[in-house]
Amino acid sequence: METYRIIYASTAARPFGLAEFDRLLLQARIYNYSEGIGGLLLRAGSQFLEVLEGPEAAVAELYARIAADPRHQAVRTIDAAAAGGPLFLPARLGFAEVELTALDRLIAYLDPAHRRALFPQGYDEQEIIADLLLEFVELHCPQVLAQPGDQATSRPQRSQYA
Ligand SMILES: Cc1cc2nc3c(=O)[nH]c(=O)nc-3n(C[C@H](O)[C@H](O)[C@H](O)COP(=O)(O)O)c2cc1C
C-alpha cells in the first residue's frame, strides 16, 4: 500500500505537565499502532514537529483530529503528500526531546514559504525534505532509528574486554 506522509509543526498552547505529556504520547502510540501509522514526534520546549506516515485516509483523519487539539496552536502543515515509502519504522511513533535552536532551524528550513528560495532548483522537493529530516534525526536523536530488538546501546564495547 502506498505511504502517505504529513509533516506539521505546532506550538504548545501552555506547558505540558510531565505525566500529562507521557499520557498523550502513550495514547498516541497505541492509536497510531492500531491504524498502521508510523512516524516521529519531536519536541523542544513548547515546539513540536511531527511526521505521520501510513495509509492516506488514516493519516488524514488523524491529522484533522490533531490539528483541532486545543493543547497546541499555530499548527502549520509543512508537507502532505504520497511518499515512495516510509522514512521511519512502520506503525511506531518515535519520540525525542531535542534542542530548541536545532528544531527551530529545521522548521524554518522546511517552511513552505521559505523553501522555494532555500532549496536547490531542479531537485525533488520531497526528497530534500526526507533528507533533511533523516539528517536531523541522525545528528540529534539517532536512537529513534533503532530497530526493535537492537542491542546497540547495551552491547559491551570491545575496550571493556581489553
Ligand atoms: C503535539 C501533539 C501531537 C499529537 N500526536 C498524536 C498522534 O500521533 N496520534 C494520536 O492518536 N494523537 C495525537 N495527539 C492527540 C490528538 O490531538 C487527540 O487528542 C487524540 O487523537 C484523541 O482525539 P480526541 O481528543 O478527538 O478523542 C497529539 C496531540 C498533540 C498536542
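Described in the following lines is the structure provided in the data block.

What counts and how
- Residues numbered from 1 in each chain as written.
- Predicted model: local features only at pLDDT ≥ 70, side-chain atom pairs only at ≥ 80, totals over all residues.
- Heavy atoms only, no water.
- Core = buried A, V, L, I, M, F, W, Y, C linked by side-chain atoms within 4.5 Å.
- Buried < 20%, exposed > 50% of the residue type's maximum accessible area, 1.4 Å probe, protein only.
- Helix = DSSP H or I, 4+ residues; strand = E, 2+ residues; numbered from the N terminus.
- Contact = heavy atoms within 4.5 Å.
- Axes fitted to C-alpha atoms, helices over the stretch in contact; angles between N-to-C directions.
- Parallel < 35°, antiparallel > 145°, perpendicular 65-115°, else oblique.
- Nonpolar A, V, L, I, M, F, W, Y, C, P; charged D, E, K, R; others polar.

## Some details on the nonpolar core
Item 1. With 27 residues, the main nonpolar core has Leu 42, Leu 49, Val 98, Leu 103, Leu 106, Leu 110 and Leu 133 as its most contacted residues.
Item 2. Elements supplying a minimum of two residues to this core: strand 1 (3–12), strand 2 (38–44), strand 3 (47–54), helix 3 (100–110) and helix 5 (125–140).
Item 3. No other element matches helix 5, which puts 7 residues into this core.
Item 4. Residues contacting Leu 106, with those up to four places away along its chain left out, are Leu 49, Leu 132, Leu 133 and Phe 136.

## Topic: the side chain of Gln 47
Item 1. Looking at the secondary structure, you find Gln 47 in strand 3.
Item 2. Filtering out sequence-adjacent residues up to four positions away, Gln 47 remains in contact with Ser 10, Thr 11, Leu 42, Arg 76, Leu 100, Leu 103, Asp 104 and Ile 107.

## Remarks on the packing of helix 3 against helix 5
Item 1. Interhelical geometry of helix 3 versus helix 5 gives an angle of 175° and a closest axis separation of 11 Å. What the angle tells us is that helix 3 and helix 5 run roughly antiparallel. Contact residues: Ala 102, Leu 103, Leu 106, Tyr 109 and Leu 110 in helix 3; Ile 129, Leu 132, Leu 133, Phe 136 and His 140 in helix 5.
Item 2. Considering only residue class, the contact of helix 3 with helix 5 consists of 9 nonpolar, 1 polar and no charged.

These values are about where atoms sit, not about what they do.
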